[in-house]
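Structural overview
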Amino acid sequence: MRIALADIEPLREVTAAVRNSKKFAQIAASIREVGIIEPPVVVRLPGADDRYRLLDGHLRLDILKDRGDVDVVCIVATDDEAITYNKRISRIAIVQEHKMILKAIEKGVSEERLARALNVNIGSIRNRRRLLDGICDEVAKLLEERMVPIMTFQELRKLRPMRQIEVAETMIAMNRFSWPYAQSLVAATPQGQLVDEQRKAIRGLTDEQIDHMEREAGNIDREFRMVEQSYGTDHLDLVLAMGYVCRLIENVRIVHHLAKCHPELLAEFQRIVLLRNAA
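Read on for a plain summary of the structure. In this text the structure is predicted, and so the values were computed from the model without any measurement.

Quick notes on unusual backbone geometry
Its identity as a non-glycine residue notwithstanding, Asn175 has a phi of 55 degrees, on the positive side. Exposure remark for Asn175: the relative accessible area of 57% places this residue in the exposed category.

Here is the structure:
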């Protein structure tokens, strides 16, 4: 519905600090260039059909008021609960952003207009456009929905495709995608798996230390993959064993026997039961 701004009551005031933030500036730039993409969400006030409470879109509404707009198209909700809408926000991953930028450029949108709409410099748009240059398709697929810093992709470009896949899988398994972590994985990469086979120069480390770090990283990676392969089976065995011990402790005759003949086993079994119940 198109609703007059004067008929919408916000849940909170937009502070001066928020108005000076980068996010506020980006939203204002987007509205200026392409208009409102996601309508604000409102709910009717009880007993007043022509008055509305704002559930989601406080920054958008504040920007529209500053622009001098008098009304806006809104989604009218039937549920008076702001958290319902906020919890459904899905942050866009950088690979998805890269694909959206490519699609916009293919449709004739200039890099300059994209930069204005996102309130960033044109160099940032170009970096995102070239995000997957030198990145193999398998890694792009693995990281498609992950929140990965753009600098991490710069590190991945230094690696050959198979090593890129190994590093991406390691980052996913550890749930760490930061640039320093990617740098450490690149530093621990054998020379033959780098795109540039010239000797790596890492400030503060000698060639011998780099070689030692590569060997240790290889050993850790092999051990991690061995544990990863058996983790599911080991976890299932552990759950079944703990369940069996709990059933034993529920048997009064067994408890009496253990208390008389094997008190140390009884104490250990009881500890296992407590840990299981606590978990």
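Regarding the packing of helix 5 (residues 94–106) against helix 7 (residues 122–129)
One way to put it is that helix 5 packs onto helix 7 with a least axis distance of 8 Å and a crossing angle of 105 degrees. Here helix 5 lies roughly perpendicular to helix 7, going by the angle between them. Side by side, helix 5 and helix 7 meet where Glu97, His98, Ile101, Leu102 and Ile105 of the first sit next to Ile125, Arg128 and Arg129 of the second. Partitioned by chemical class, the residues of the contact of helix 5 with helix 7 number four nonpolar, one polar and three charged.

A few points about the environment of Met162
Along the chain, the position of Met162 falls in helix 10 (residues 161–174). You can call Met162 exposed: its relative accessible area is 59%.

Description of the pairing of strand 4 (residues 48–56)
For strand 2 (residues 8–9) and strand 4, the ladder comprises two bridges, and the chain directions are parallel. For Ile8, the partnering residue across the bridge sits in strand 4 and is Tyr52. Counted between consecutive antiparallel strands, the loop separating strand 3 (residues 41–45) from strand 4 contains two residues, among which Gly47 sits at a positive phi close to 75 degrees.

Thresholds, definitions, all that
- Counting restarts for each chain: residues are numbered from 1 in the order of the written sequence.
- Local features in a predicted model are, by the rule used here, given only for residues with pLDDT of at least 70; side-chain atom pairs are given and counted only at 80 or more, and totals for whole chains, interfaces and linings are based on all residues.
- Values reported for side chains reflect all heavy atoms of the structure, with hydrogen atoms and water molecules removed beforehand.
- Each residue is assigned to one of three classes by its accessible area relative to the maximum for its type, calculated with a 1.4 Å probe on protein chains only: buried under 20%, partly exposed between the two thresholds, exposed over 50%.
- Only C-alpha atoms enter the line fits that serve as axes; for helices the fit covers just the stretch in contact. Angles between N-to-C directions range over 0 to 180 degrees.
- Helix and strand definitions follow DSSP, with helices as H or I runs of at least four residues and strands as E runs of at least two, each counted in order from the N terminus.
- Just so you know how the angles are binned, under 35 degrees is roughly parallel, over 145 roughly antiparallel, 65 to 115 roughly perpendicular, and the rest oblique.
- Contacts: residue pairs with any heavy atoms within 4.5 Å of one another.
- Amino acids are sorted into nonpolar (Ala, Val, Leu, Ile, Met, Phe, Trp, Tyr, Cys and Pro), charged (Asp, Glu, Lys and Arg) and polar (every other residue, Gly among them).
- When DSSP finds at least two bridges between two strands, those strands are taken to pair.

The analysis is restricted to geometry; functional conclusions fall outside its scope.
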